[in-house]
Amino acid sequence: THGVRTQHDSHIPPQRALKLLEEGNARFVSGKTTSSFDFKPEHRTALAVHGQNPMAAVLGCADSRCPIETLFDVQAGDVFVLRNAGNTLS
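1. Some points on the overall build of the protein
Part 1 of the reasoning: Each helix and strand in the protein was counted, giving 3 helices and 2 strands.
Part 2 of the reasoning: Going residue by residue from the N terminus, the α and β elements of the protein occur as α-α-β-α-β.
Part 3 of the reasoning: Radius of gyration (C-alpha) of the protein: 13 Å, near the 12 Å computed for a compact globule of 90 residues.
Part 4 of the reasoning: By principal-axis analysis of the C-alpha atoms, the protein measures approximately 35 × 35 × 25 Å.
Part 5 of the reasoning: A sequence separation of at least 24 residues applies to 65% of the contacts in the protein between residues at least 6 apart.
Part 6 of the reasoning: Of the roughly 6,100 Å² of accessible surface on the protein, 55% is carried by carbon and sulfur atoms.
Part 7 of the reasoning: Positive and negative side-chain charges of the protein, numbering 9 and 9 respectively, have mean locations separated by a distance of 3 Å.

2. Focus: the pattern of salt bridges
Part 1 of the reasoning: In the structure shown here, the tally under the stated rule is 2 salt bridges.
Part 2 of the reasoning: For Lys19, the salt bridge is made with Glu23, and the minimal N-O distance between the two is 3.6 Å. One end of the pair is Lys19 and the other is Glu23, both in helix H1 (residues 14-30) and 4 residues apart, which spans about a single turn.
Part 3 of the reasoning: Using a relative accessible area of 31% as the deciding quantity, one classes Glu23 as partly exposed.

3. Regarding the confidence of the model for the protein
Low pLDDT means the predicted coordinates in that region are not meant to be read closely.
Part 1 of the reasoning: Taken over all residues, the pLDDT of the protein has a mean of 86, while the share at 70 or more is 94%.
Part 2 of the reasoning: The spread of mean pLDDT over the elements of the protein runs between helix H2 (residues 41-50), the lowest at 87, and H1, the highest at 96.

4. Concerning the environment of Asn25
Part 1 of the reasoning: Among the secondary structure elements, Asn25 is positioned in helix H1.
Part 2 of the reasoning: Between the C-alpha atoms of Asn25 and Phe72, which are 47 residues apart in sequence, the distance is 4.4 Å.
Part 3 of the reasoning: Beyond its immediate chain neighbours, meaning those up to four positions away, Asn25 contacts Leu71 and Phe72.

5. Quick word on the nonpolar core
Part 1 of the reasoning: With 9 residues, the main nonpolar core is built from Ile12, Ala17, Leu21, Met55, Ala56, Val58, Ile68, Val74 and Val79.
Part 2 of the reasoning: Of all the secondary structure elements, the ones that give two or more residues to this core are H1 and strand E1 (56-61).
Part 3 of the reasoning: Setting aside residues up to four positions removed in sequence, Val58 forms contacts with Ile68, Phe72, Val79, Phe80, Val81 and Leu82.

6. Observations concerning the side chain of Asp78
Part 1 of the reasoning: Secondary-structure assignment places Asp78 in the loop between helix H3 (68-71) and strand E2 (79-84).
Part 2 of the reasoning: Of the buried charged residues, Asp78 lacks a salt bridge, with Arg5 as the closest side chain of opposite charge at 4.6 Å.
Part 3 of the reasoning: At 2.7 Å, the side chain of Asp78 and the backbone nitrogen of Gln75 are in polar contact.
Part 4 of the reasoning: Ignoring any residue separated from it by four or fewer positions in sequence, one finds Asp78 in contact with Arg5, Pro54, Met55 and Ala56.

Criteria and thresholds
- Residues numbered from 1 in each chain as written.
- Predicted model: local features only at pLDDT ≥ 70, side-chain atom pairs only at ≥ 80, totals over all residues.
- Heavy atoms only, no water.
- Helix = DSSP H or I, 4+ residues; strand = E, 2+ residues; numbered from the N terminus.
- Rg over C-alpha atoms; globule rule 2.2 N^0.38 Å.
- Contact = heavy atoms within 4.5 Å.
- Areas by Shrake-Rupley, 256 points an atom, 1.4 Å probe, with all protein chains shown as cover.
- Lys, Arg positive; Asp, Glu negative; His and termini not counted.
- Charge placed at Lys NZ, Arg CZ, Asp CG, Glu CD.
- Salt bridge = Lys/Arg side-chain N within 4 Å of Asp/Glu carboxyl O.
- Buried < 20%, exposed > 50% of the residue type's maximum accessible area, 1.4 Å probe, protein only.
- pLDDT = per-residue confidence, 0-100.
- Core = buried A, V, L, I, M, F, W, Y, C linked by side-chain atoms within 4.5 Å.
- Polar contact = N/O pair within 3.5 Å; in protein donor to acceptor, adjacent residues only side chain to side chain.

Below is the structure:
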């Protein structure tokens, strides 16, 4: 693969995606993360050329001081992140 999730990667069922996010968050909380958020130019190119295939969408706070990818110990392209200000959603 390309070092990031693209459309060439298989679909992850919702229950498995939730489990992966829970496991990643547990690693973050324990200080034992495995992902090094090292988003290289070739990763950006792979996502542009081969398309995105995130396993989940996460709605987070716009004022967050910690990236969602860090909180769930995932790489860029693993999750689709939406940031929101003022706790509003419509």
